[in-house]
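Residues per chain are reported as follows:
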Amino acid sequence: MKKLALTFSMLMIATLTFAQWEDNYYTITFEDPSMFFHINIDTINHPNNSWHIGPPTKTVFTSANSLPNVIVTDLDNSYPPSDTSVFIIKNVADGGGFEWPHTAILAGYYYVNSDTLTDFGSIEFSPDNGITWIDMINDTVLIDSTSSMYWYWNWFGTPIPVLTGNSNGWQQFGVNLAPLGHFYNVTNGDTILYRFTFVSDSLQTNKDGLMFDDLHFEDWVEGVEEFQAYNLISISPNPATTHLTINCKEATANSSVQIFNYNGQTLYTNRNFTGKDIDISTFNNGIYLLKYSTNKHFEIKKFIINR
């Protein structure tokens, strides 16, 4: 399967012909038991948990997206009233996608058949092994009172999932969570959790509930080791406000500096950089990439603007 990347990654591919992949890339299809160690159906906090893995044989839910198995709110019967059911997917950040940040994807397929608004599902993300939980459908993470850092739904053109009412078949979803990595200081080796919940009210509606299939996870970046191997520069302050100072370890002629935003747009270019402050007062709060190049080598640094 071809990996999709953010816009600025295409620039890196064109420039870094020597780049290597750091990679964490897999799909839980619910057919392969060797992948079940990622899954925890939480029966401790929710003893009546209705999530089950297997082939659905219900009124509306009759087949998987990829045959034969799904994870579903009861394999055979309508979902129960007055119930909260939870399962958690556990990952370890080990591909650099959060730390860079570059690509940290959660994707998959869902099928919902429920009483609209009163019975519903949710998808949450924890960057710190369950201490902090973010509602991926409804929450916004604030940097300050005037600006926000968003995760990126619409990966491969899919909308934010609507986990209530009737989806009328399998629907695809995908989100890139990489921008949250810097905000929550996610580093390689940290435990990342995804929590999937279905909540029902006290009315029995005799509907099928919610099911998921082919949950897909990516955590990767291109050539991070090569980007920083030469240790050509340091930048300060970081986080920055109005100016950024570049300290060159070895000043050379014909050095250049470029700054890109997270969408890959070039915001600043100096083809004859001699080592000085850069005015960033017109840039919005957020994560940026700075590329420093000489005749032989280059290096990319990540910095954040937070006023």
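Remember, predicted model here, so these are calculated numbers, not experimental data.

*Asks:* When you look at the overall build of the protein in this model, what are you seeing that I'm missing?
*Replies:* On a plain count of helices and strands, the protein comes out with three helices and 21 strands. In the protein, buried positions account for 51% of the 307 residues. At a minimum sequence separation of 6, the contacts of the protein that also span at least 24 residues come to 73%. Counting only carbon and sulfur atoms, one obtains 50% of the accessible surface of the protein, whose full area is about 14,000 Å².

*Asks:* What should I look at first to understand the side chain of Ser255 in this one?
*Replies:* Within the secondary structure, Ser255 sits in the loop between β16 (243–248) and β17 (256–261). Among the polar contacts listed, one links the side chain of Ser255 to the side chain of Tyr292, at a separation of 3.1 Å. If near-sequence neighbours (up to four positions away) are discounted, Ser255 is found in contact with Asn270, Arg271, Asn272, Phe273, Tyr292, Ser293 and Thr294.

*Asks:* How should I be thinking about the confidence of the model for the protein in this particular structure?
*Replies:* Reading fine detail from the predicted coordinates is not recommended where pLDDT is low. On average, the protein scores 82 in pLDDT, and the residues at 70 or more come to 81%. Between residues 1–23, whose pLDDT stays under 50, and residues either more than four places distant or in other chains, the model counts 61 contacts. This stretch, residues 223–229, has a pLDDT under 50; its non-local contacts, to residues over four places away or in other chains, come to 18 contacts.

*Asks:* Looking at this structure, how should I read the environment of Asn113?
*Replies:* Positionally, Asn113 belongs in strand β7 (residues 103–113). On the basis of relative accessible area, Asn113 is assigned to the buried category, the value being 7%. Taking the C-alpha atoms as reference points, Asn113 and Leu163, separated by 50 residues in sequence, lie 8.6 Å from one another. For Asn113, the residues in contact, after removing those within four places along its chain, are Val60, Phe61, Tyr79, Gly165, Asn166, Lys207, Asp208 and Gly209. Here Asp208 takes part through its backbone nitrogen, which lies 2.9 Å from a polar atom of the side chain of Asn113.

*Asks:* Please clarify how the sheet that holds strand β8 (residues 120–126) should be interpreted in this entry.
*Replies:* Spatially, five strands are ordered β3-β6-β13-β8-β9 in an open sheet, and the strand pairing comes out antiparallel. The open sheet terminates on both sides in strands that have one partner only, identified here as β3 (39–41) and β9 (134–135).

*Asks:* Would you mind going over the environment of Ile305 with me for this structure?
*Replies:* By secondary structure assignment, the location of Ile305 is in strand β21 (residues 298–305). The buried category is assigned to Ile305, whose relative accessible area is 0%. Considering only alpha carbons, one finds Ile305 and Pro237, 68 residues apart in sequence, at a separation of 9.5 Å. Excluding residues within four positions of it along the chain, Ile305 makes contact with Ala240, Thr241, Ile280, Phe283, Asn284, Asn285, Gly286 and Tyr288.

*Asks:* Can you help me understand the pairing of β16 in this one?
*Replies:* Regular strands place side chains that alternate from one sheet face to the opposite one. In this structure, strand β15 (residues 233–236) lies alongside β16, joined through four bridges in antiparallel fashion. From the neighbouring strand, Ser234 faces β16, where its bridge partner is Asn247. The turn joining β15 and β16, which pair antiparallel and follow one another in sequence, is formed by six residues. As paired elements, β16 and strand β19 (residues 277–279) share three bridges and run antiparallel to each other. Its bridge partner being in β19, His243 is matched across the sheet by Asp279.

*Asks:* Is there a simple way to explain the pairing of strand β13 (residues 191–199) in this structure?
*Replies:* Burial analysis of β13 places seven of its nine residues in the buried class, the great majority of the element. Alignment of strand β6 (residues 84–92) against β13, held across nine bridges, turns out to be antiparallel. Following the sheet pairing, Val86 is matched in β13 by Thr197.

*Asks:* Got a minute to help me understand the sheet that holds β19 in this structure?
*Replies:* Pairing between sheet strands relies on hydrogen bonds along the backbone, with the strands arranged either parallel or antiparallel. One open sheet accounts for three strands, arranged β15-β16-β19; its pairing is antiparallel. Whereas interior strands pair on both sides, the edge strands pair on one side only; in this sheet they are β15 and β19. On average, each strand axis in the sheet is tilted by 25° relative to the strand beside it, whichever way the strands run.

*Asks:* Hey, could you run me through the nonpolar core in this one?
*Replies:* Inside soluble globular proteins, nonpolar side chains tend to come together where they are buried. One finds Leu177, Tyr194 and Phe212 to be the most contacted residues of the largest nonpolar core, which totals 37 residues. Of all the elements in the fold, those that place two or more residues in this core are β2 (25–28), β6, β7, β8, β12 (171–176), β13 and β14 (209–222). Leave out the neighbours within four places in its chain, and Phe212 touches Phe30, Trp51, Val70, Ile71, Phe87, Tyr109, Tyr110, Ile123, Leu163, Trp170, Phe173 and Phe196. With 18 residues, the next largest nonpolar core counts Ile235, Leu244, Ile246 and Leu290 among its residues.

*Asks:* Honestly, unusual backbone geometry in this entry has me stumped. Any pointers?
*Replies:* What is expected of a backbone is that most residues other than glycine have negative phi and most peptide bonds are trans. In this structure, the amide linkage connecting Leu67 to the following residue, Pro68, adopts the cis form with an omega of 5°. Turning to its location among the elements, Pro68 is positioned in the loop between β4 (51–54) and β5 (70–73). Following Asn238, the chain continues into Pro239 via a peptide bond in cis, with omega recorded as 10°. Note that Pro239 resides in the loop between β15 and β16. The backbone of Phe30 shows a phi angle near 70°, a positive value even though the residue is not glycine. As for its placement among the helices and strands, Phe30 is situated in the loop between β2 and β3. One non-glycine residue with positive phi stands out, namely Ser82, at about 50°. Position of Ser82 relative to the elements: it lies in the loop between β5 and β6.

Thresholds, definitions, all that
- Residues numbered from 1 in each chain as written.
- Predicted model: local features only at pLDDT ≥ 70, side-chain atom pairs only at ≥ 80, totals over all residues.
- Heavy atoms only, no water.
- Helix = DSSP H or I, 4+ residues; strand = E, 2+ residues; numbered from the N terminus.
- Buried < 20%, exposed > 50% of the residue type's maximum accessible area, 1.4 Å probe, protein only.
- Contact = heavy atoms within 4.5 Å.
- Areas by Shrake-Rupley, 256 points an atom, 1.4 Å probe, with all protein chains shown as cover.
- Polar contact = N/O pair within 3.5 Å; in protein donor to acceptor, adjacent residues only side chain to side chain.
- pLDDT = per-residue confidence, 0-100.
- Pairing = 2+ DSSP bridges.
- Axes fitted to C-alpha atoms, helices over the stretch in contact; angles between N-to-C directions.
- Core = buried A, V, L, I, M, F, W, Y, C linked by side-chain atoms within 4.5 Å.

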